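Given next are the chains, with one letter for each unit.
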Amino acid sequence: MDEVTVPRDLVAGDTLSLTLSGSAPISVTYSGSEADTLSALAAQIDALSGVSATVSGKTVTVTAEIAGVPFDLSPLSLSGDVPTTVTQNNVVAVAQVDEVTLPALVSGDEISATLNGHSVSVSYAGSESATLSAFASALSASGTVSASASGSTIVVTAAVAGTPFVLGTVSIVNEAFALVNVTYVPPVAQVAEFDVGSATEGWTFTATVNGVNYAYLSGSGDTNESIESALAAMIASDTGAVLVSTGASSFTLTAAVAGIPFTFSASAADVTAPVVSTPVSVAQTLKSGDTSTSTVASSEDGTIYAVASGTVVSTPSDITSAMVAGEAFVVSSAVKNVEYVVTIPVGIVDGPYDFVAVDASGNVSGAMLGWLAVDNTPPLLVISTPSGQTVHAVSMTVTGATEPNATLTVAGSANLSVPADASGNFSVDLPLAADSFNEFFFSLSDLAGNVTERIFTVTEDGIGPAVTLGVSGTSYASGATFAFTGQTEPNLSVSVVELSSGTVASSVSDGSGDFNFAALPLRLDSLNDFTVVVTDLAGNAGTGTFSVVQDNIDPVVVLDALPVIVDADQIDVSGVTDSDIAVSVTDGTSTYSTVSSSSGTFSVTAALTQNASNVFSITATDLSGRT
């Protein structure tokens, strides 16, 4: 029975391989489940004749189907992307060899012997050489040895190196002569040799004799010879089953009693975790793409990782999972005791990081509390005051919130440094350029160099809007309302104020700046003095004025006396009415017009039709249109 054990958890990309008694290599690739992968390996071993295999945990046990029939199981090889423990099979087993020399054979001779307690015999085959060859073939048929004849000597060799056999007494019996010849063949002592191969610091070298392990952990000063000597001394002092002798580059184990076998195997495994250290350690907060000035190192060749603090990583698989989650990254492949700086990759989580080292055999160091903090999050910067305002002022107060005790810079129309208080609140008075668009750039950098920027704009406007009215001076109206239009800047507030009664109407200019009032109320029979006020976004005002006379009374016309009968071609029609208004005289055919004087008098010369009655109509029309 023999067994092989997987030295670590299997992961994607791993391949297990071994050979059994010289068979073609048996190989399986990780299928996604460690148990299924080991079962597939055991099934391939089962398919070979002479053995069966079972799985328990990480161990595959191989058992001979026929007790006593040996087999040779090579060490298990594990290859993949994750470093693993390396097992050496560096012991060369020695095949036992016996020789039997026979006297001259004659007709009637029968050769007999025992092999591992079983009888083997052949009769004289017609010639001595044929008889010896037949005897060698009979010995080889057992499967435990191979035998060949050369002259009068038969050479018997163990079929499997390191597996002893017992060749008992060889006898020759001749029935015709009743003569017995006996040759005693002494058993051969089993021999095994151990060669370290390559001394490596921090590896455990193990020799197993008859199931007892003798282990030695190599140090920095060890050589092949010192490791071999240490193991040889352990074995020699502990067991009487073997004799130990040391040579220049190996030691040899020989069975203490010839014919009494012993079991022997040897391995070299790295089971010592490296130690990670920080030779240069100054606390640093970095963002992706930054490289540290502080350093880390490992006590063994391998790989150094940075792992988010609090993340448990005791196996290479743990580290792989943490890297997938963005909670770990490779610092560098490592040469023993060489210092390395850290470059922060993209896509890892913010926070403090520790360091771990993994050696070539997959041993994971304890975490070294690190000097590294990763920060890829831009700092908070909020401006509470609305941007894009239009004001009329020499400065403007802007408030907001940011990181506690941070210092902001402001550039643009002004260059300032703005401190925040312990709660992160800030307030700054920004000077404004008169009648201009003012643009300010707020900027904040954190310890890692992450930058947050905000833009704040404000227009300073100290010029009132222009106002053009569709009416000017004094207008006259006979109704109770008055309509007028105007033009100013787009989307501004427009109000109309009558000096005697206060504000009477309001409106808003449209997108083109036009505004109108269709029914402005008037004080009856009065002079209405109006002021139009237009206010822009900065509070600047533009104005215009006009007056409206509301006249609710018709004008009165008083004619001067006229003769009833005249002998003339024309006549003067005169009289008194309201001052400065239009007066027309018509006889139904012709109309004669004039304007009354400031005192209201008027006079019109009208033509007369001879020898006929002339009828005239006199109409006075005042400025409000009344007649």
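Look up: the structure comes first, before these words.
Residues numbered from 1 in each chain as written. Predicted model: local features only at pLDDT ≥ 70, side-chain atom pairs only at ≥ 80, totals over all residues. Heavy atoms only, no water.

On to the overall build of the protein. From N to C terminus, the protein includes four helices and 49 strands. Against the 2.2 N^0.38 benchmark of 25 Å for 627 residues, the protein shows a C-alpha radius of gyration of 60 Å, more extended than a compact globule. The C-alpha extent of the protein, read off along each of the three principal axes, is 210 × 55 × 30 Å. Sorting the 627 residues of the protein into buried and exposed places 38% on the buried side. (Helix = DSSP H or I, 4+ residues; strand = E, 2+ residues; numbered from the N terminus. Rg over C-alpha atoms; globule rule 2.2 N^0.38 Å. Buried < 20%, exposed > 50% of the residue type's maximum accessible area, 1.4 Å probe, protein only.)

Now for the pairing of strand β48 (residues 601-607). Alternating residues of β48 divide into Phe602, Val604 and Ala606, all buried, and Thr601, Ser603, Thr605 and Ala607, none buried. In terms of strand pairing, strand β45 (residues 570-576) meets β48 through seven bridges, oriented antiparallel. Looking at β48, one finds that Ile571 is bridged to Ala606. (Pairing = 2+ DSSP bridges.)

The next thing to look at is the sheet that holds strand β17 (residues 212-217). With respect to topology, three strands assemble into an open sheet ordered β17-β16-β20, the strand pairing being antiparallel. Looking at strand neighbours, the two that pair on one side only are β17 and β20 (264-269), the edges of this open sheet. Ignoring strand direction, the axes of neighbouring strands in this sheet form an average angle of 15°. The sheet contact formed by strand β16 (residues 204-209) and β20 spans six bridges and is antiparallel. Bridge pairing in β20 links Thr204 to Ala269. (Axes fitted to C-alpha atoms, helices over the stretch in contact; angles between N-to-C directions.)

A cluster of nonpolar side chains, Val556, Val558 and Val576, forms an exposed patch at the surface whose accessible area comes to about 240 Å². Tracing the sequence through the fold places Val576 in strand β45. According to the relative accessible area criterion, Val576 is partly exposed, its value standing at 37%. (Patch = residues over 30% accessible without salt bridge, like charges linked within 9 Å, V, L, I, M, F, W, Y side chains within 5 Å. Areas by Shrake-Rupley, 256 points an atom, 1.4 Å probe, with all protein chains shown as cover. Salt bridge = Lys/Arg side-chain N within 4 Å of Asp/Glu carboxyl O.)

Further remarks concern the environment of Tyr30. Within the element layout of this structure, Tyr30 appears in the loop between β3 (26-29) and α1 (34-46). When the C-alpha positions of Tyr30 and Ala466 are compared, they lie 85 Å apart, and in sequence the two are 436 residues distant. When neighbours within four sequence positions are excluded, Tyr30 is seen to be in contact with Leu10, Val11, Ala12, Asp14 and Thr37. At a separation of 3.0 Å, a polar atom in the side chain of Tyr30 contacts the main-chain carbonyl oxygen of Gly32. (Contact = heavy atoms within 4.5 Å. Polar contact = N/O pair within 3.5 Å; in protein donor to acceptor, adjacent residues only side chain to side chain.)

A few words now on the environment of Asn376. Positionally, Asn376 belongs in the loop between β27 (368-374) and β28 (381-383). With 28 residues separating them in the primary sequence, Asn376 and Ile348 have C-alpha atoms 8.8 Å apart. Setting aside its immediate chain neighbours within four residues, Asn376 contacts Lys287, Ser288, Ile348, Asp350 and Asn450. A polar atom in the side chain of Asn376 sits 2.7 Å from the backbone nitrogen of Ser288.

Quick look at the sheet that holds strand β25 (residues 328-334) now. Read across the sheet, five strands follow the order β22-β27-β26-β24-β25 without closing on themselves; strand pairing throughout is mixed. Each end of this open sheet is capped by a strand with a single partner; those strands are β22 (284-286) and β25. Between one strand and the next, the sheet's axes are offset by a mean angle of 35°, whatever the strand orientation. Both strand β24 (residues 302-308) and β25 contribute to a ladder of six bridges, which runs antiparallel. The residue of β25 that forms the bridge with Thr303 is Ser333. Strands β24, β25 and β26 (351-359) of the sheet are contacted by helix α4 (residues 316-324), whose axis makes an angle of about 125° with β25.

Okay, α4 next. By the burial criterion, the buried members of α4 are Pro316, Ser317, Ile319 and Ala322. Of the surrounding elements, those touching the buried residues of α4 are β24, β25 and β26. Where α4 terminates, the next one or two residues include Gly326, which has phi positive at roughly 75°.

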